[in-house]
Structure formats: C-alpha cells, structure tokens
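Spelled out, the chains give:
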Amino acid sequence: TISGCMDSTALNYNSEATKDDESCSYLPSQPMKILALHGGGGSAESLQSDSGIQDLMQALPGYDFYFPQTPESDGVWIRDAPGGKEEGTTDPDWANQSISYLDSYIVENGPFNAILGYSQGAAMSIIYLAHSDIVFDKVILMNGYLESAHQGLMHTIVDKSPFSEAALIFEGENDE
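Because the structure is predicted, anything quoted here is derived from the model rather than measured.

A.B. asks: Explain the packing of helix H4 (residues 120-131) against helix H5 (residues 151-160) to me, please; I cannot follow it from the model alone.
C.D. replies: For any two helices packed against each other, the geometry comes down to the angle between their axes and how far apart the axes lie. Orientation of H4 relative to H5, taken along the N-to-C sense of each, is 60°, at an axis distance of 9 Å. Classified by the angle between their axes, H4 and H5 sit oblique to one another. Two packed elements cross with a definite hand, and for H4 against H5 that hand is left-handed. Along its contact with H4, which presents Ile126, Ile127, Ala130 and His131, the element H5 presents Leu153, Thr156, Ile157 and Lys160.

Dropping the structure here:
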C-alpha cells in the first residue's frame, strides 16, 4: 500500500496513493465577496449598520461584504435631473460618475461574487449591469425600483436585457 493524499484537487495529490493518509494541503480559500450599494440619501455606513444587513452578514459567515460610498453628492447614486426628480433625463450616460467609480472600486477590491442593492442602490445595480461587462454570480435587489424617469438609462437597460445573472428580489410588505 502507498499512503498519500488521494484528493485530486489538493496541492500534494499523489496519483499512486492507495491509502489516504490525510496529508492533503490546499491553497487558502478566498472568501466570497458581496458588493453592497446603499440607498439614495444614505451612506455606506448606514447600510452596513442596518440591522437587516447585520443579520444577513451573520447568516453568511463565508462572505465578505464591501460597502462603497457613492461619489455623487447627497448620498445618491443617480442624481436628479436639472429640472427636478420628476423631470427625468434622456441621457444614457447620466450615471457615468457612479459607473466609473464602481468600475474602479471593483478593480481595487474585487472580484465580487454578488452585487446587493438597497432602494436606489438596487436601481444602480441594474444600471451597472447594463453598462458594464462585469458578471456577478448573483444579484440581490432589496426594496428596489427602476429609474424610469431617466429614459436614457432605461433604454440601455432594455437594450441589454435579458441579463444572465440570477436575481433575488426582495420587497417588504408595505412596498409599492
């Protein structure tokens, strides 16, 4: 009998071994990463400290959560139109500052297995998927909506649909 590591995924796999000696060694496993986008008017800190997110983080100990802060003022990912929120825009590049920021953030901190968006962060998640070549294994949308007043952004979303990512969409009992 030849003792050795019999797991072919191990660094020290011995193809001649006939008895496993429990000596297998592996590369350190990378934690799974979730990119979590806060809601409009919120902050990275407010989402991270939210009790529901804290519960989710505790329920997923094998995941590291990352909380970027929007580069736009007033804590929004997609700024209002010049004429006000109800006026909307037709510019497909209206969210480019946030998209560019997320591109850089992902290069510096990724790759990410999932993107999670809360409220306007959910809307930004969909916009980001439509404007980027980055693919996430999962998309988690919490209390989200589409930025339908911004027709340029919506046209890009429609043009890029359907998306290949599996999505979990969560809405609360009182959400419209």
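A.B. asks: Explain the pattern of salt bridges to me, please; I cannot follow it from the model alone.
C.D. replies: Two side chains that carry opposite charge are able to pair once their charged atoms sit near each other. Tallied over the full model, the rule gives 1 salt bridge. The salt bridge partner of glutamate 72 is arginine 79, with a shortest N-O separation of 3.7 Å. A residue is classified by how much of its surface remains accessible, and glutamate 72, at 11% relative accessible area, is buried.

A.B. asks: How should the packing of helix H3 (residues 96-109) against H4 be read in this particular structure?
C.D. replies: Packing of H3 against H4 brings their axes to within 10 Å, and their N-to-C directions diverge by 80°. Of the possible angle classes, the one that applies to H3 and H4 is roughly perpendicular. Contacts from Ser98, Ile99, Leu102, Asp103 and Ile106 of H3 reach H4 at Met124, Ile127, Tyr128 and His131. In terms of residue class, the contact of H3 with H4 is made up of 6 nonpolar, 2 polar and 1 charged.

A.B. asks: What is the right way to read the state of the cysteines from this model?
C.D. replies: Formally, a disulfide is one covalent bond, and it connects the sulfur atom of one cysteine to the sulfur atom of another. This model, assessed by the stated rule, comprises 1 disulfide. The residue that forms a disulfide with cysteine 5 is cysteine 24, at a sulfur-sulfur distance of 2.0 Å. One quick way to see it: the torsion about the S-S bond of cysteine 5 and cysteine 24 is about 105°, and its sign makes the bridge right-handed. With cysteine 5 in the loop between strand E1 (3-4) and strand E2 (19-20) and cysteine 24 in the loop between E2 and strand E3 (32-37), the pair connects residues that are 19 residues apart, well separated along the chain. You can call cysteine 5 buried: its relative accessible area is 1%.

A.B. asks: Just to check I follow, could you spell out the confidence of the model for the protein chain for this structure?
C.D. replies: Low-confidence regions, as indicated by low pLDDT, have predicted coordinates that should not be scrutinised in detail. A residue-level look at the protein chain finds 98% of positions with pLDDT of 70 or above and a mean pLDDT of 92. Across the protein chain, the element-wise mean pLDDT spans from 85 in strand E7 (residues 166-170) up to 98 in helix H1 (residues 44-49).

So, how was this worked out
Residues numbered from 1 in each chain as written. Predicted model: local features only at pLDDT ≥ 70, side-chain atom pairs only at ≥ 80, totals over all residues. Heavy atoms only, no water. Axes fitted to C-alpha atoms, helices over the stretch in contact; angles between N-to-C directions. Helix = DSSP H or I, 4+ residues; strand = E, 2+ residues; numbered from the N terminus. Parallel < 35°, antiparallel > 145°, perpendicular 65-115°, else oblique. Left-handed = near helix turned anticlockwise from the far one by under 90°. Contact = heavy atoms within 4.5 Å. Salt bridge = Lys/Arg side-chain N within 4 Å of Asp/Glu carboxyl O. Buried < 20%, exposed > 50% of the residue type's maximum accessible area, 1.4 Å probe, protein only. Nonpolar A, V, L, I, M, F, W, Y, C, P; charged D, E, K, R; others polar. Disulfide = S-S within 2.5 Å. pLDDT = per-residue confidence, 0-100.

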